[in-house]
Amino acid sequence: MARIAGVDLPRNKRIDIALTHIFGIGRRTASNMVAELQINPETKSQDLTEDEISRLRNSIGQEHKVEGDLRREIELNIKRLVDINSYRGLRHRRQLPVRGQRTSTNARTRKGKARTISVGRKAKESARRGG
């Protein structure tokens, strides 16, 4: 099993797909990297030679910010926005959508489960009866 940038790549996937399991490497970056290093993209990750694995490790280590470093940088960028009280920082702090999406409906991923505010049928019936 190939271990690159602290991530175990899935064994039975093509190498250009398997590389996308590393945080910070997408399909396009993986395809370009495999082409640049002259590795056959059809090769399964379990069939890579030690030389190919070391070339991939070196390429990722030198040219790309991945995994922990990238996560830390993103976290620091968000913290900076919050600290300078920018609009985007305020949206991050309140856990609302940052990029201009509507919030009157939807935005459930960011806002969490909907809280029903309306009064239910049972409460209305008991209010009518005087209870």
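In this report, we go over the structure that sits alongside the text.

Thresholds, definitions, all that
Residues numbered from 1 in each chain as written. Predicted model: local features only at pLDDT ≥ 70, side-chain atom pairs only at ≥ 80, totals over all residues. Heavy atoms only, no water. Helix = DSSP H or I, 4+ residues; strand = E, 2+ residues; numbered from the N terminus. Buried < 20%, exposed > 50% of the residue type's maximum accessible area, 1.4 Å probe, protein only. Contact = heavy atoms within 4.5 Å. Areas by Shrake-Rupley, 256 points an atom, 1.4 Å probe, with all protein chains shown as cover. Lys, Arg positive; Asp, Glu negative; His and termini not counted. Charge placed at Lys NZ, Arg CZ, Asp CG, Glu CD.

1. Section: the overall build of the chain
Broken down by element type, the chain carries seven helices and two strands. Its helices and strands taken in sequence order, the chain reads β-β-α-α-α-α-α-α-α from the N to the C terminus. Looking at the chain as a whole, 27% of its 131 residues qualify as buried. Intrachain contacts of the chain at a sequence separation of at least 6 include 44% that bridge at least 24 residues. Carbon and sulfur atoms form 46% of the exposed surface of the chain, whose accessible area is close to 9,800 Å². One way to put it: in the chain the 30 positive side-chain charges average out to a point 20 Å from where the 15 negative ones average out.

2. Considering unusual backbone geometry
The bulk of non-glycine residues show a negative phi, and the bulk of peptide bonds are trans. Non-glycine residue Q38 carries a positive phi angle of around 55 degrees. Within the secondary structure, Q38 is located in the loop between α2 (27–36) and α3 (50–63). A residue is classified by how much of its surface remains accessible, and Q38, at 69% relative accessible area, is exposed. Its identity as a non-glycine residue notwithstanding, A107 has a phi of 60 degrees, on the positive side. Among the residues examined, A107 registers a relative accessible area of 16% and is labelled buried.

3. Looking at the environment of L37
In this structure, L37 sits in the loop between α2 and α3. You can call L37 buried: its relative accessible area is 13%. For the pair L37 and L56, spaced 19 residues apart in sequence, the C-alpha separation works out to 7.6 Å. Leave out the neighbours within four places in its chain, and L37 touches R55, L56 and S59.

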